[in-house]
Amino acid sequence: NKYVYDFEEGNATMKDLLGSKGANLSQMVQNGMPVPPGFIVTTKACVEFLEGESFLVDKIWPDIQKAILRMEAKTGKKWGSGPTPLLVSVRSGAPVSMPGMMDSVLNLGLNRDTLEYMAEASQNRRFALDSYRRLIQMFGEVVAGLSPDLFEKVLDEAKKKNNLLYDYQIPAQILEEIVAAYLHIYESHTHSSFPYDPWKQLKMALAAVFKSWNNPRAITYRNLHSIPHNLGTAVSIVSMVFGNLNEQCGTGVCFTRNPSDGSADLYGEFLINAQGEDVVAGVRTPIPISELRYMMADMFNQLVDITGSLERFYKDMQDVEFTIENRKLYILQTRSGKRSAEAAVRIAHDMVQENLIGKSEALTRVTPREAELLLHKQIGSQVDVPLVAEGLPASPGACSGMIVFSPEAAVQWNDEGKNVILVRPETSPDDIHGLAVAEGVVTSRGGMTSHAAVVARGMGKPCVSGCEELFIDVDEKVLYGESLILKEGDIITVDGSNGRVYAGEAPLVDAKITKELSVFLQWADEAASLEVWANADTPEDARRAREFGAKGIGLCRTEHMFMAQDRLPVMEHMIMAPDKESRLKDLELLKEMQKNDFADIFREMSGCPVIIRLLDPPLHEFLPKENVIRQQLFEMQREKESPAQKKKILEMEAVLKKIEMLKEINPMMGFRGCRLGILHPEIYEAQIRAIFEAALLVLGERKAVFPEIMIPLVGLSEEMEIFREMVDRIAEEYYKSTGIIVDYKVGSMIEVPHSVLVADKIAKVADFFSFGTNDLTQAVFAYSRDDAESKFLRAYLQKGILQENPFHTLDREGVGEMMRLCVKKARETRQNMSLGICGEHGGNPESIAFCHIIGLNYVSCSPFRIPVARLAAAQAAL
Ligand code: ADP
Ligand code: MG
Ligand code: MG
């Protein structure tokens, strides 16, 4: 039952108990690094405290008092008295790092008496006062819950009145006044005096930091990142070191690699004569770390050594906080650095090349969620909108949206369906709800490590920070650029990859796969047992799919080809055909068109299997909408009738009649899929011929072609037998006339529950199965895909009746069980049968993991999801 650990007693493996900050501080002490003495109150203490507050006083206070005494001995300073008073920070730190979401208080132990000792000992009254005013403000905010604005206002007015730009320029006399004003604010708002007794300060701060586990922004953050709410935060109590003494002091943050693009240089920022959060809060725009080399070479070299050794120890990119006090370097925190998705890939890739980690480890370093963000949009090469400002490329990717100046406006406008970009002088953790709904972020102050930048990278949103030439007037809702003035609602485009902000909407283009990503995904393919194929309907989709690494096409929907502008009239004509003869003429035309489409796709996918699904949707989808036609008819009938018009009207009336005929109550369960092919075999035959003729064409170009013909909506083996015979017969015909063998397959979609139950029989006549999990989910649940989500699914999810939307994440218990059964039955008949999935779930990481478990051969998804799917397939196999 130990609640308090000195740094010397902990190590990096104790994150659950000591929090990640505490565990890492302990580890650094173990590794002999310059960390100021300190101790940790455990997460367990926090959890118990939150259950009943007397715990703090009764149970752990004596341990804390003893720990402070040990700290006195280590530092040679005195708690609550002179000659050199001991000051401490009280710092939150959960098992999972939640940067900036909870609270910390610095400079505890100061009061009007210890202040005098501090001034005396440091020979620097200005410094002592600066530390005191920081304590009062932080204590006021964190412990008493006062608004930061109360204090900021006083500070800003004092600076304005005395013509000072920065905090560190404020002289001692004025700081005296500020401290007095701060104490007055504290007292008038809390109706109690600022606590004098350092023990009381410590106790109150500790309780407040425990409670900050449950502040709204921490809760939001945990929800956004799926962090459990019952972990609690540990609290590190650390003896203060001071970066705000003079010009030989400073504080900063650095990353061992660039967190935005992943390149391998020490990356970071610092401020001279500053303390604590000054750097991340974006109060002054900090100095790049590379400058430290020229300002304090000894400090820079030591920092490079220490951070390098931390990275080698943790085998991951580190985010390190440091403070320099009179040219002595202290390390105050290290953690795995948050990074953009791009940087995550680049770093994982480089660390394998550097022999720091192995390939399987590298594959776990990028989450599927990050992989989803990898294919960020980028601004095209032609930019013809004016540049508003340039800042730091803080989080990559590009986006356009309307300017909003507050997180509240961001939320409201987003609810109205608008894309917004949050534009702020700087952002604070309280803005997180606004950041969450914005497309991107622009700030005028703050560096690459500012709060906005860190959070944006975590969310994969473009961010440009530190646009110094922008003046942002939040109250008036106006943005002043160098030569442009923009208002709320105006559209801007943000390019977080190069730090530029444009007025208006710049055209965005799709991302390219970088060299590192391509190597990384290659490793994924080696580790995975599932292959990743693509759903692609056009040659362009196919080319993209191949570029992204698809090993085949798992679904080419032919109806999309019929929807093209030049084809729809022919299709309509075919449906309207009064007899078979004229229908065959239209089909001949359509066949030629499809043949060219297929040939182009075969060329793109040469050497890979291409699954083409025969016509699936009900025919009425190819006819004009009934109300449109009625409206047109109505208008035409009012006009004077010419013979030409008369003919047109007759035609339209015929279409209306046809629509009437095709109308069904449940079209999705009606006359569609292979049922069309049974009643109108000429349609399917034309498509099959188009496939064979295209294959022969491309084979003639000496390219390998592997067409696989897929029959939709099969429920009975009797259906499948008909198509098996049809395809084999046509194949034979082409073979006879050309002497060339086409290596084809015929398979069935599995999307009707009945097909699962007779899968062993269907497998006798099918070469492959592909799960159409959209329709299968619809049928298994009897939820209409088109209506359920807007009508009742949301309520089901809110009430917890369903944990996940089954159309997004494959339902393992029901639909998944059907799939498992089908796999078993299929392989009983045909041991090596190729089995895949081509529904939307094929690109969803959790669903992919399930496909791996039940032993499918491949998943097929839309081209842009291929990188995610390749990574998810690898992680499922690791
Ligand atoms: P967060 O988790 O929000 O980063 P921290 O507990 O790390 O909060 O502290 C906030 C800031 O105060 C950091 O910049 C940190 O480096 C600084 N800080 C914390 N403790 C000390 C200390 N003992 N001496 C000097 N600076 C400190
Ligand atoms: Mg903080
Ligand atoms: Mg910190």
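What you see is a predicted model; the values in this text were computed from it and never measured.

So, about the UniProt feature "domain: PEP-utilising enzyme mobile" (unreviewed entry) in the chain. With numbering matched to this structure, UniProt assigns "domain: PEP-utilising enzyme mobile" (unreviewed entry) to residues 418–499. For residues 418–499, helix accounts for 18% and strand for 32%, while the C-alpha atoms at its two ends are 23 Å apart.

A few words on helix H20 (residues 539–547). All buried positions along H20 are accounted for by Asp541, Ala542, Ala545 and Arg546. Summarising the axial view, the buried residues of H20 lie within an arc of 130 degrees, below the 170-degree limit, and thus occupy one face. Those residues of H20 that are buried are in contact with strand E26 (531–535), strand E27 (553–557), helix H23 (580–604) and helix H35 (866–877).

A few words now on the packing of helix H13 (residues 341–353) against helix H19 (residues 515–527). Put simply, H13 and H19 touch, their axes get as near as 9 Å, and they point 65 degrees apart. By the angle class used here, H13 and H19 are roughly perpendicular. The handedness of the crossing between H13 and H19 is left-handed. Contact with H13, carried on its side by Val345, Arg346, Ala348 and His349, involves Glu516, Leu517, Val519 and Phe520 of H19 and no other residues of that element.

Quick look at the UniProt feature "binding site: Mg(2+)" (unreviewed entry) in the chain now. Listed under "binding site: Mg(2+)" (unreviewed entry) in the UniProt record, and renumbered for this structure, are Glu751 and Asp775. For this annotated set, covering 25 residues, all C-alpha atoms fall within 5.4 Å of each other, a compact arrangement in space. Tracing the backbone shows Glu751 in the loop between strand E30 (745–750) and helix H29 (753–757). Ignoring sequence-local partners within four residues, the contact set of Glu751 consists of Leu713, Gly772, Asp775 and Leu776.

On to the pairing of strand E7 (residues 234–239). The buried fraction of E7 is high, at 6 of 6 residues. Neither face of E7 is open: one carries Ala234, Ser236 and Val238, the other Val235, Ile237 and Ser239, and all of them are buried. Sheet analysis places strand E2 (residues 38–41) next to E7, joined by 4 bridges and oriented antiparallel. Looking at E7, one finds that Phe39 is bridged to Ile237.

Attention now moves to the site of ligand 1. Neighbouring residues of ligand 1: 16 residues in total, closest Ser89, Arg91, Ser104, Val238 and Gly276. Put simply, the parts of the chain that give the shell around ligand 1 at least two residues each are strand E5 (88–93), strand E6 (104–108), E7, strand E11 (318–325) and strand E12 (328–336).

Before going further, it helps to spend a moment on the nonpolar core. Among the nonpolar cores identified, the biggest contains 255 residues, and Val90, Ala205, Ile421, Ile553, Phe602, Val859 and Ala873 are the most heavily contacted of them. Looking at this core element by element, the count peaks at 10 residues for helix H27 (residues 681–699). The residues contacting Phe602, other than those within four sequence positions of it, are Val610, Ala694, Ala695, Val698 and Val705.

Conventions used here
- Residues numbered from 1 in each chain as written.
- Chains lettered and ligands numbered in written order.
- Predicted model: local features only at pLDDT ≥ 70, side-chain atom pairs only at ≥ 80, totals over all residues.
- UniProt positions renumbered as here; feature names shortened; annotations may be inferred.
- Helix = DSSP H or I, 4+ residues; strand = E, 2+ residues; numbered from the N terminus.
- Buried ≥ 20, exposed ≤ 12 C-beta atoms within 10 Å, placed from the backbone.
- Arc of directions from axis to C-beta.
- Contact = placed C-beta atoms within 7 Å.
- Axes fitted to C-alpha atoms, helices over the stretch in contact; angles between N-to-C directions.
- Parallel < 35°, antiparallel > 145°, perpendicular 65-115°, else oblique.
- Left-handed = near helix turned anticlockwise from the far one by under 90°.
- Pairing = 2+ DSSP bridges.
- Near = placed C-beta within 6 Å.
- Core = buried A, V, L, I, M, F, W, Y, C linked by C-beta atoms within 7 Å.

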